Every structure is written in C-alpha cells, then in structure tokens.
Amino acid sequence: MKKILLIVAACAAFVLAAAQPVLRPDNIDEVLAAMTLEEKAALLVGGGKEFPGRYKGLPAGSTRSFERYGIPLTNLADGPAGVRVNHPCTGFPIGTLLASSWDTSLVEEVASAMGEEARAYDVGLLLAPGLNIHRNPLCGRNFEYFSEDPLLSGKMASAYVKGVQSHGVGATVKHFAVNNQESLRTTLDVRIGERALREIYLKGFEIAVREASPWAVMASYNQLNGDYTQQKKELLTGILREEWGFDGLVMTDWGFKAGTVKAVQAGNDLMEPGYDGEIRNILEAVKYGKLDVADIDRNARRVLEYIVKTPAFLGQPGSGAPDLEGHAKLSIRAAADGMILLKNDGILPLRAGAKIAVLDLSEKGFVAGGTGSGSIGKGGVTSLETALKKAGLENAEQADVAVVSIGRQAGEAKDRVLPDDFCLTEKERSLLEQACATYRKVVVVLNICGVVETASWKDLPAAILLPWAPGRDGAYAVADVLSGKVNPSGKLPMTFPVDYWDDPSSANFPSDSASIKPFVNYEEGIYVGYRYYSTVGKAVSYPFGYGLSYTSFDYSKPKVKLRSGVIEARITVKNTGSVPGREVVQLYVSAPSGGLEKPVRELKAFAKTRLLAPGEKETLVMRLTPYDLASYNEATSAWETAAGKYEFLFGASVEDIRATAAARLKKPQSWQVKRRCAPVAVIKEIKL
Ligand code: BGC
C-alpha cells in the first residue's frame, strides 16, 4: 500500500512539474501565466542587499530565483569606477576623469574591461554609468558623473554602456533624474522648468538610451516637480519608453519608499534592494482593487526579459579570473589620457633624472577614487612617491623642483562645503606659499574628486596638473605625464569658476534644509555651467573645454555642409610643435536670433585626434542632425530648430575658438513630444 502511495505521489509530482513551464527567451508569457500572483509580486522586489552565489561580494542587490521555473538569481554590483565586489577587480579612474579624456573609444575600452570583470564574477547588471549633470561644483557625487554638459555626458555614457554590454552583461544608467545634490537626496523635491529638464538634465539619458540601448535605468532617490522620480509615470513610461523607445528594465535606487504601488503603476519594474514589505504592499493593493494585475504582469515580463539575457540564465558561469594585469595597464593609460594640464610655464615635462621633492599637503595619501557606492573595490593604492621614483624622478633633499599634491575626497550621501574643501585650508595655503618660496619651481598636482578654488593661488606655482582621482594605479599615470612619457590631452568637462558664488546654481544649493518638505528651485534654468558664464561674459578661472599640451596645434579653415538631413563639419588639425600629441576639437554652435532664447554657444559635437607626430595632420569629421540643434519650447511642447544662419565654432575650449564656419537651415523644423513633464507650480527662472 505504502509503495502504491509513493508511486502515485511521484506521478503527481511529475505531472505538476511537467505542467510547470521552464523559462526560455520565447516563452515568457507562458511562464508568467503559470506564476502565482505572490510569485510575480516577489519577482518585482529584489532579494535584499546580498550579493550571493559563488562570488559573494559587497552588498548591492539581486533579483530573486524561482527554481521551479528555471529562473536563476542574478546579481547587481556597483560601479562606476570598476566592479565593486569583494574579489580582485581593477580600480579605474573616476567618471569625471574619463569624461576629461573626451575620448569615446577609450571610455568604451575601459567599460569593456569592467564588463569583462563583471562577467567573470557573475554580475548580471553593473550599476553604472552615473550621468547626472554637474549642476553645482559642490555635489558630493560629481566625481562619479561626467560633466556639466549634457552632450558630453550622453556620449560618454553611450560609450560606457556599449563597452560593458559587449560582454553580455547589462549597464544601468543612473540616477534618472535630477539627482544633482546629495543633501536630503531621499526627500528633496527638485522644481524645474520643462525646458531645462529636457535640454540639460534628461538629454544625456536620451542620448544614451537612443544610441546604446542600456539594459537598465535606475530612477533616482529624489522627487521631481512633486513626485518621486521612481513613481513618476510621465518620466518612466512617457518620456523614457514612449518617446525614447527604451525597452529595458527600470529599477529604484536603494531604499524602501512609501508608494510601492505608484512605482509599479509608473512602470518601475524592480524595487531594489527589495524588502518583504514591498511584496505585501503589492499584494494588498491588488486585493483591495488599487492595483491592476496587468501592471504587475507588464513589469514582471520586463524583469524576465532582462533575466533571459544574463549569463546566469544562459548557463555561463564566470571564470573568476579576469585579465587584471591587462586592465591595470589600460587603467593607467586611460588615467593619463584624461589628465588636464592647467598651467605650465615650461617646467613640464620634468627632465629625465630630475631631483624633486614630493610634498603631500593632503596628508591622506593618494586619492584613487571617491567614497560610497561609487568607490573602487578593495586593494592597495600606489603612492605618488613610489610612482615618481619608478619613473626615474628621484626624491631628494636638495631638490630644486617640488611636486606639491593637494588631495580631496568626496562621496555619496554628503555634499562638499566651501571652507577647507572647495577652498584650500589655511595650512595648505601657507605650505604652498612656503614651497614656492623654497624651491625654484613648484608643480601642483590636484588629486581631487571635484572642482576646487584656484583663482587665488594659481599664479604661485610654475605648473598645475589636474589628474582628478585616477584610480588605484593612477599615480603611475601622473608620473607618465610629469615625465613627458605621455603628453597630456585632457580637457575640462566643467567650468572652474573664479568664485563659488559666481555659479548661477549657488543661490539654490543645496536646498532649504530647514523645511519639512525640502525643495530646491533650479532658477538658473538652462544656464548651467559654461552656458551661463559665456552668455553673460563672466570671467572664470579655467573655462569649460580647457587643457594645455606639451605641443601646439593649428586648425585649418573648416567646412560645414548640410546634406540629406545631416550636418557634416570637417576640420584638419596639425601638430605644429616638437613632440607628439593629441588634440580635442570642440564644436560649439550659435543659433540664429529670432527663435527661442539660447545660450551664446552650446557644445554640439567633439572629436579627438589620434597621436599626431610633429608636423602630422588629421582631418576630423563631426556629424549632427537638425534635431541636435533643437531647443524645447514649453509653449508648444515641441523641440524646435529655427531656420536661419548657424555659426559653427571650432574651439580648443569654449573661450578659445580657433575657426568658424556658417551654414543656413532653410526651413524651421519641430518635433512634438508625446508626454509633458511639466512642473506643478510655476518655476521662478532667472532671465539673462
Ligand atoms: C546609490 C546607487 C547605488 C546603490 C547600490 C545607492 O545608495 O545611490 O548609486 O547603485 O546605492 O549600492
């Protein structure tokens, strides 16, 4: 009898299992139909802050597994300066340095190395790149982000996404959107006009989504015009999916928020890191008729569409052995490519065997990266002294040149401050003055995570190099640039103002912290960074796009042609100096008057030459479309490109225009948007 019962039970289990579809890329609907409501709700909620599996790691997140449907667990690990797991990984330069290279192929190569490391450690989604706009120099997380300019941010993010995803793992563009300060980031309401929102703060995401199809988008912590971005349907479904055609996964930033149901309805597919309370919220809402099962199915389908692409699903376990040696070399090369020479009276490059003194004024050691989730994983950091010694630059008592390093950390959850951070400390200032009085020449190395004040002291030293936080082995790249092994070719991706209070956002940063419902008004509207300084003609310490070289370049007469809807701009750059070097050409455009009010010039394209030998030339070709010239008209809810004469300015920085050409657009063009994302209240914006 017992035997018979056992056979019956086994048969029943077999029938049940046979009825259970096992997930394949082409049967997602069938699996969804078989899953219970409870299971689907759990699929929408991450598995907690664990990083389980063979390569247990630093906490980030995961998606849950459902063995009976063959749905594996997938891991989510942080970036952007490398894969942040508890295993040997490369500590790459910060995002701001990558953007300073203006070199999209290099960024793709770096991100491809990160993709390889992610793959090696069973990561399904890398939580990077971060591409929030540097609205204000004091945002604590600017180091993770690229630039004050949306085009540069978008192009860098696209290159990054393509690199990561070339290894069959996903990139996550974050934080969508307007997460431009860390203070009060989980409650803050950002109040912003729709034009500034779309042209400045969403544009980079639009470019990345359209050009690189990231697997995922992470909504930010903050609110946007009265709603949490993670619960805002106009943003996550209207703009992101319906307008831009995004077909991937949307997730929350890390933390439980009231409003799970609103997030599900808005098209936010995955709650991360995931709490059981969120599952309960979803189930209760269905029970009381407040949430449609169709919303759950739609989001669950997107989670499964992501899962079927992952190596975990495809049965491709990571090797655990990425090419760390190769990546360390790449990281140093990338770091050198993004370093910016701010000043040089001729002392750099240092002559071989030069006797130098190294003074680290920060007393904190070499700053390799920022802190928080964007920090690099564990591992020793090479000191500047070690790197300089290895490059044959001896540290000596009787030196006549001093390399003075000024360090600044920054990180998540905290904005920077003016005293002793944006500004030099009293101690740093007096040590710098002493060094300049003691040594024949002083070279300042700005080993920093964000913009600092330079106007009051930049006349003192003979040279200033800005290597940002260049990664774990980045000190070698500093040595390469100081010694002349590498000719610097980085350019500033943001403005260095004379005074912090010159910045148009400084009147509204970080926010009114005393308020119970904190908010910040983006009064400067579209006039962020150089758009403001160049339009009002305000002097800056170092302009956007600025950076020196050990050689010099000549720009030819440019050509701009409009052919079948594409504007093609060509210019030939010649190395007129005596050492090989690379040049970044920035294409700014001034629009005809008569259309919408615009900044005097805006970056619309850029290109970087290969390494040109002395006397060598290269023709750079940059392409853009009339849509790239459009501004958003709030009155008509359309992107509009006015007809008329456009000036194309080829610059070595926003202030150093080397050549110009003009082209005429005969007809105005406009593109109606599908969804508005208008502010609830009228936003006070400054008029220039
Ligand atoms: C950060 C995200 C990060 C996540 C997971 C959050 O606090 O804002 O950028 O990906 O933590 O670590």
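Structural data are supplied above this passage.
What you are looking at is a predicted structure, and each value in this text was computed from that prediction instead of being measured.

Engineer: So, the overall build of the chain: which residues are in play, and what are the values?
Structural biologist: Each helix and strand in the chain was counted, giving 17 helices and 29 strands. Against the 2.2 N^0.38 benchmark of 26 Å for 688 residues, the chain shows a C-alpha radius of gyration of 26 Å, consistent with a compact globule. Counting only C-alpha atoms and orienting by the principal axes, one finds that the chain spans roughly 100 × 60 × 50 Å. Within the chain, counting contacts between residues at least 6 apart in sequence, those at least 24 apart form 78% of the total. Element-wise, carbon and sulfur atoms account for 53% of the exposed surface of the chain, whose accessible area totals about 25,600 Å².

Engineer: Which residues make up the site of the ligand, and what are the values?
Structural biologist: Close to the ligand lie Asp78, Leu127, Arg141, Lys174, His175, Arg185, Met218, Tyr221, Asp253, Trp254, Ser373 and Glu412. At a separation of 2.8 Å, an oxygen atom of the ligand approaches a polar side-chain atom of Arg141. The side chain of Tyr221 places a nitrogen or oxygen atom 2.7 Å from an oxygen atom of the ligand. Notes on the ligand: free accessible area 310 Å², of which the protein chains cover 93%. Split into classes, the residues belonging to the shell around the ligand amount to 4 nonpolar, 2 polar and 6 charged.

Engineer: Which residues make up the environment of Tyr533, and what values do they have?
Structural biologist: Assignment of secondary structure puts Tyr533 in helix 17 (residues 530-536). Note on Tyr533: relative accessible area 4%, which makes it buried. Put simply, Tyr533 and Pro504 are 29 residues apart on the chain and 8.7 Å apart in space, counted from C-alpha to C-alpha. Setting aside residues up to four positions removed in sequence, Tyr533 forms contacts with Thr495, Pro497, Asp502, Asp503, Pro504, Lys538 and Val540.

Engineer: Give a description of the packing of helix 12 (residues 324-337) against helix 16 (residues 474-483) that names residues and reports values.
Structural biologist: Geometrically, a packed helix pair is captured by the angle between its two axes and the distance between the axes. Contact geometry for helix 12 and helix 16: axes closest at 8 Å, N-to-C directions at 50°. When the interaxial angle is binned, helix 12 and helix 16 end up oblique. For helix 12 against helix 16, the interelement crossing comes out right-handed. Every residue of helix 16 that contacts helix 12 at Ile332, Ala335 and Ala336 is listed here: Tyr476, Ala477, Asp480 and Val481. Residue composition of the contact of helix 12 with helix 16, by class: 6 nonpolar, no polar and 1 charged.

Engineer: Requested: an account of the state of the cysteines, with residues and values cited.
Structural biologist: Overall, the coordinates contain 0 disulfides when judged by the stated rule. Not engaged in a disulfide, the cysteine Cys436 finds its nearest cysteine sulfur in Cys423; these two sulfurs lie 18 Å apart. By relative accessible area, which is 21% here, Cys436 ends up partly exposed.

Engineer: I'd love a proper account of the nonpolar core, names of residues and values included.
Structural biologist: Ranked by internal contacts, the top residues of the largest apolar core, which has 151 residues, are Phe176, Leu446, Trp468, Leu482 and Leu492. Tallying contributions element by element places helix 7 (residues 194-212) first for this core, with 10 residues. Each residue touching Leu446, except ones within four places of it in the same chain, is listed here: Leu342, Ile406, Val452, Thr454, Trp457, Ile464, Leu465, Leu466, Pro467 and Trp468. Residues Ile28, Val31, Ile282 and Ala285 belong to the second largest nonpolar core, which totals 42 residues.

Engineer: Before we move on, can you summarise helix 16 with the specific residues and values?
Structural biologist: Most of helix 16 is tucked away: 8 of the 10 residues are buried. Within helix 16, the full set of buried residues consists of Gly474, Ala475, Ala477, Val478, Ala479, Asp480, Val481 and Leu482. Packed against the buried residues of helix 16 are helix 12, helix 13 (384-390), strand 13 (401-407), strand 14 (441-447) and strand 15 (463-466). Where helix 16 ends, the next residue or the one after it, Gly484, has phi of about 90°, a positive value.

Scoring rules and cut-offs
- Residues numbered from 1 in each chain as written.
- Predicted model: local features only at pLDDT ≥ 70, side-chain atom pairs only at ≥ 80, totals over all residues.
- Heavy atoms only, no water.
- Helix = DSSP H or I, 4+ residues; strand = E, 2+ residues; numbered from the N terminus.
- Rg over C-alpha atoms; globule rule 2.2 N^0.38 Å.
- Contact = heavy atoms within 4.5 Å.
- Areas by Shrake-Rupley, 256 points an atom, 1.4 Å probe, with all protein chains shown as cover.
- Near = heavy atom within 4 Å.
- Polar contact = N/O pair within 3.5 Å; in protein donor to acceptor, adjacent residues only side chain to side chain.
- Nonpolar A, V, L, I, M, F, W, Y, C, P; charged D, E, K, R; others polar.
- Buried < 20%, exposed > 50% of the residue type's maximum accessible area, 1.4 Å probe, protein only.
- Axes fitted to C-alpha atoms, helices over the stretch in contact; angles between N-to-C directions.
- Parallel < 35°, antiparallel > 145°, perpendicular 65-115°, else oblique.
- Left-handed = near helix turned anticlockwise from the far one by under 90°.
- Disulfide = S-S within 2.5 Å.
- Core = buried A, V, L, I, M, F, W, Y, C linked by side-chain atoms within 4.5 Å.

These figures capture arrangement, not role.
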